[in-house]
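# Architecture and fold: a report
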Amino acid sequence: MITRHVVRPCRQLHLTVGCRPLSTQEKPSIFRRIKGDVDDAESRGILPSFGPKPTLANWVATSTFQLLYFYATGIFEVIRRRTKLSKTPTTRREWRMLRTQDRDMSKIAPFCVLLLDPIILPFVVLLPPSFLPSTIILPGQLRRQREAHIQSVREALPELRKAHELLERLKIQPFADEDEVEDEDSVESVKVDDEEDFWFHRSCRLAICRLYGLPAFHSIPVPPLGIESHMEFIQEDDAWLVKDGLDGLGPDEVREAVNERGLCLVSEAEAAPLLRWWLDHVARGSHDQRLKAALTFSVIYKRTQDGDQ
């Protein structure tokens, strides 16, 4: 008698919560994220090193003291440089530093309250950089912010495509002043209302906030004043870049510039050429041209990566 053994492949068991499968590669825990940022900053020399940390209690105590020293030094630096900065900037770096200084001064008072409770200091590492003065931001926080910005734009691509198609179909200028005298022969100056108004669609406003890395509350007014304020900042920054040129910019400054202009999907190698193209073709244009260029790039660049073109 011949016995046959049939080996059947085991079915893979998918654990689910609701309708979503549990990923085997979960996000690192809060402790691991804090530890990773602190260790990375210590290896770069940003945080002072106090030797090995053999136990968890020793690590918590040492890291708390490191962060307390780092945060206190950063706050004093903001106060100290207030008297050193020139009120009449002559370069883009000086102009941006003045703008950063004004924002930092408004964030010092709320942050000083956190220093009164050293227990919560390690958790400050988890805060977005926009909530903190520029002198107390760790590299890990900036890296997470950039990764989150890129991921947010990728998730918003369907809405960005709709916004781009709506802008092309309506042939309007979203930032045009309603009080301006409109030319009857110009199709691009036509303003529309209700469902055909570009800013009427909340999904468009939210997608554009994601494109520029702005908080969602900037999309609340119609027209959104937060987005318009950001466009005014980009216009002034473009003027400084045209004046100073790109030769003195480092890789981080180039990446920051393209991100601020809604071009965060670009690769590192293409960031500088893209910024140069922006200065040649868009920098002297209007807010509407800047918005259209950013939307067009986001849609086309993604399609090129996916092989659609």
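Below: a short report on this structure. What you see is a predicted model; the values in this text were computed from it and never measured.

Scoring rules and cut-offs
Residues numbered from 1 in each chain as written. Predicted model: local features only at pLDDT ≥ 70, side-chain atom pairs only at ≥ 80, totals over all residues. Heavy atoms only, no water. Salt bridge = Lys/Arg side-chain N within 4 Å of Asp/Glu carboxyl O. Helix = DSSP H or I, 4+ residues; strand = E, 2+ residues; numbered from the N terminus. Buried < 20%, exposed > 50% of the residue type's maximum accessible area, 1.4 Å probe, protein only. Expected span 1.5 Å × (residues − 1). Contact = heavy atoms within 4.5 Å. Polar contact = N/O pair within 3.5 Å; in protein donor to acceptor, adjacent residues only side chain to side chain. Core = buried A, V, L, I, M, F, W, Y, C linked by side-chain atoms within 4.5 Å. Patch = residues over 30% accessible without salt bridge, like charges linked within 9 Å, V, L, I, M, F, W, Y side chains within 5 Å. Areas by Shrake-Rupley, 256 points an atom, 1.4 Å probe, with all protein chains shown as cover. Axes fitted to C-alpha atoms, helices over the stretch in contact; angles between N-to-C directions. Parallel < 35°, antiparallel > 145°, perpendicular 65-115°, else oblique. Left-handed = near helix turned anticlockwise from the far one by under 90°. Nonpolar A, V, L, I, M, F, W, Y, C, P; charged D, E, K, R; others polar.

### Things to note about the pattern of salt bridges
Taken as a whole and judged by the stated rule, the model has 19 salt bridges. For the salt bridge of Glu159 with Lys162, the shortest nitrogen-to-oxygen distance reads 3.7 Å. Here Glu159 and its partner Lys162 are both found in helix H5 (residues 157–170), 3 residues apart, which amounts to about one turn of the helix. Residue classification places Glu159 among the partly exposed positions, given a relative accessible area of 25%.

### A look at helix H7 (residues 225–244)
Between its first and last C-alpha atoms H7 spans 29 Å; for 20 residues at 1.5 Å apiece the expected length is 28 Å, and the two agree. Trailing H7 by a residue or two, Gly245 shows a phi angle of about 85°, which is positive.

### Some words on the environment of Gln141
For Gln141, the position within the fold is in helix H4 (residues 139–155). Here Gln141 falls in the buried class, since its relative accessible area comes to 1%. Sequence separation between Gln141 and Leu127 is 14 residues, and the spatial gap between their C-alpha atoms is 7.8 Å. Not counting residues within four places of it along the chain, the set of residues in contact with Gln141 comprises Asp37, Val124, Val125, Leu127, Pro129, Leu132 and Ile136. A distance of 3.0 Å separates the side chain of Gln141 from the backbone oxygen of Val125, its partner in a polar contact.

### Structural notes on H5
One turn of an α-helix holds 3.6 residues; hence residues three or four places apart share an orientation. Along its 14 residues, H5 runs 20 Å from first to last C-alpha, staying within 8% of the 20 Å computed at 1.5 Å per residue. Along H5, the residues that are buried comprise Leu157, Leu160, Arg161, Ala163, His164, Leu166, Leu167 and Leu170.

### Quick notes on the nonpolar core
Membership of the largest hydrophobic core comes to 46 residues, with the highest contact counts inside it found for Leu160, Tyr212, Ile227, Leu275, Trp278 and Leu291. The contacts of Tyr212, once residues within four sequence positions are left out, are His149, His230, Met231, Glu260, Arg261, Gly262, Arg290, Leu291 and Ala294. Core analysis: the second largest hydrophobic core is formed by 19 residues, Ile34, Val38, Leu67 and Ile75 among them.

### Observations concerning a nonpolar patch on the surface
A cluster of nonpolar side chains, namely Ile30, Ile119, Ile120 and Phe123, defines an oily patch on the protein surface of about 390 Å² accessible area. Within the secondary structure, Phe123 sits in the loop between helix H3 (92–115) and H4.

### Overview of the packing of H4 against helix H6 (residues 202–212)
Across the interface, H4 lies against H6 with an axial gap of 8 Å and an inter-helix angle of 150°. When the axes of H4 and H6 are compared, the pair comes out roughly antiparallel. Every pair of crossing elements has a handedness; the one defined by H4 and H6 is left-handed. Every residue of H6 that contacts H4 at His149, Ser152, Val153 and Glu155 is listed here: Arg210, Leu211 and Tyr212.

### Examining the packing of helix H1 (residues 30–43) against helix H2 (residues 56–81)
It is the contact of H1 with H2, at a shortest axis distance of 11 Å, that shows an interaxial angle of 60°. Judged by the angle between their axes, H1 and H2 are oblique. The handedness of the crossing between H1 and H2 is left-handed. Counting all contacts with H1, which are made through Phe31, Ile34, Lys35, Val38, Asp39 and Glu42, the residues of H2 involved are Leu56, Trp59, Ser63, Gln66 and Leu67. A class-by-class count of the residues in the contact of H1 with H2 yields 6 nonpolar, 2 polar and 3 charged.

### Here we look at the environment of Thr135
For Thr135, the location among the structural elements is in the loop between H3 and H4. C-alpha separation for the pair Thr135 and Gly74, spaced 61 residues apart in sequence, amounts to 4.9 Å. In this structure Thr135 touches Phe70, Gly74, Ile75, Glu77, Val78 and Arg81, once residues within four positions along its chain are discounted. A polar contact of 2.8 Å, which involves the side chain of Thr135, links it to the backbone oxygen of Gly74.

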